[in-house]
Amino acid sequence: MMDLLIEFAGTGRVGPIHGGMTLAAASAVLGPGHPHPAIRLLGGKADGYPYRWDSLYLDVIRDRVSSIKLETWPGHTFSVPSPLTPKGGPHESTVTKHEFRAALDDAHVGYSIEEPYLIDRQSVIRVAGTAVTALFSRFDEKNLGVRPGDYLLSVSKNFEIP
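Below or above, wherever it landed, is the structure these notes cover. (Residues numbered from 1 in each chain as written. Predicted model: local features only at pLDDT ≥ 70, side-chain atom pairs only at ≥ 80, totals over all residues. Heavy atoms only, no water.)

## Focus on the overall build of the protein
When its secondary structure is counted, the protein shows five helices and ten strands. Scored against the burial criterion, the 162 residues of the protein give a buried share of 41%. For the protein, the share of sequence-separated contacts (at least 6 apart) that also reach a separation of at least 24 residues comes to 47%. Of the accessible surface of the protein, which amounts to about 8,600 Å², a share of 53% is contributed by carbon and sulfur atoms. (Helix = DSSP H or I, 4+ residues; strand = E, 2+ residues; numbered from the N terminus. Buried < 20%, exposed > 50% of the residue type's maximum accessible area, 1.4 Å probe, protein only. Contact = heavy atoms within 4.5 Å. Areas by Shrake-Rupley, 256 points an atom, 1.4 Å probe, with all protein chains shown as cover.)

In structure tokens, the structure reads:
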């Protein structure tokens, strides 16, 4: 799982999945996704809503991938379609900020940290060069039964769709 997160952070791609590709091309790699209820309701008029493949979300505008998000959550599992992870899955998805930063450092991926906590005790790491962001939240023991600290919630990137 960490390899996939760091690959995404360093390249802005999740395996062959990239911004601007068509939903049909992404579905050919990933298999059919689970569309947001608004897509089911509005059909082709529903722009900007996600399709989901377990922990992978692709937002689509005008049939093009406009954002990619890999979602993690402390104490839960992380799973993506098998073409994206040769090691299979699902994987335990608890990742601390310290672990994520160490993995970025080991991969020589540059980043900046926005430490001032935003709403809901959240902070962000922005990856230089790819504009990928990693969102963290501070949890106490009472929140999830985990050690107090900053835990990864998601790694994401938005793309401009002309």
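## Topic: the packing of helix α1 (residues 2–11) against helix α4 (residues 97–106)
Geometry of a packed helix pair, given as the angle between the helix axes and the separation of the axes. Two numbers describe how α1 lies on α4: the axes approach to 10 Å, and their chain directions differ by 60 degrees. In terms of axis orientation, α1 runs oblique to α4. Pair α1 / α4 crosses with right-handed handedness. Contact with α1, carried on its side by M2, L5, I6 and A9, involves E99, F100, A103 and L104 of α4 and no other residues of that element. Tallied by class, residues from the contact of α1 with α4 come to seven nonpolar, no polar and one charged. (Axes fitted to C-alpha atoms, helices over the stretch in contact; angles between N-to-C directions. Parallel < 35°, antiparallel > 145°, perpendicular 65-115°, else oblique. Left-handed = near helix turned anticlockwise from the far one by under 90°. Nonpolar A, V, L, I, M, F, W, Y, C, P; charged D, E, K, R; others polar.)

## Some remarks on the sheet that holds strand β7 (residues 111–114)
On the basis of which strands lie adjacent, the open sheet formed by eight strands has the order β1-β2-β3-β4-β10-β9-β8-β7 and antiparallel pairing. Two strands in the sheet have a free side with no partner beyond their single neighbour: β1 (34–35) and β7. Its contacts with the sheet place α1 against β4 (64–71), β8 (122–127) and β10 (149–158), and it is angled at close to 50 degrees to β10. (Pairing = 2+ DSSP bridges.)

## Describing unusual backbone geometry
At D63, a position not held by glycine, the phi torsion is positive, near 65 degrees. With respect to the helices and strands, the residue D63 is situated in the loop between β3 (56–61) and β4. Positive phi, normally seen in glycine, also occurs at A131, with a value near 60 degrees. Within the secondary structure layout, A131 lies in the loop between β8 and β9 (133–139). Relative accessible area serves as the criterion here: at 52%, A131 is assigned to the exposed category.

## As for α1
Among the residues of α1, L4, L5, I6, F8 and A9 are the ones counted as buried. Where α1 is buried, its residues meet β4, β5 (77–78), α4, β8 and β10. Among the residues trailing α1, G12 stands out with phi positive, at a value near 80 degrees.

## Description of the side chain of S67
On the secondary structure map, S67 appears in strand β4. Owing to a relative accessible area of 8%, S67 belongs among the buried residues under this scheme. Apart from residues no more than four positions distant in its own chain, S67 is found in contact with Y57, L58, D59, K157, N158 and F159.

## Structural notes on the nonpolar core
Ranked by size, the top nonpolar core spans 35 residues in total, and within it I17, L56, L58, L70 and F100 carry the most contacts. If one sorts the elements of this core by residue count, α1 sits on top with five residues. Filtering out sequence-adjacent residues up to four positions away, F100 remains in contact with M2, L5, I6, V95, I125, A134, F136, L152 and V155. (Core = buried A, V, L, I, M, F, W, Y, C linked by side-chain atoms within 4.5 Å.)

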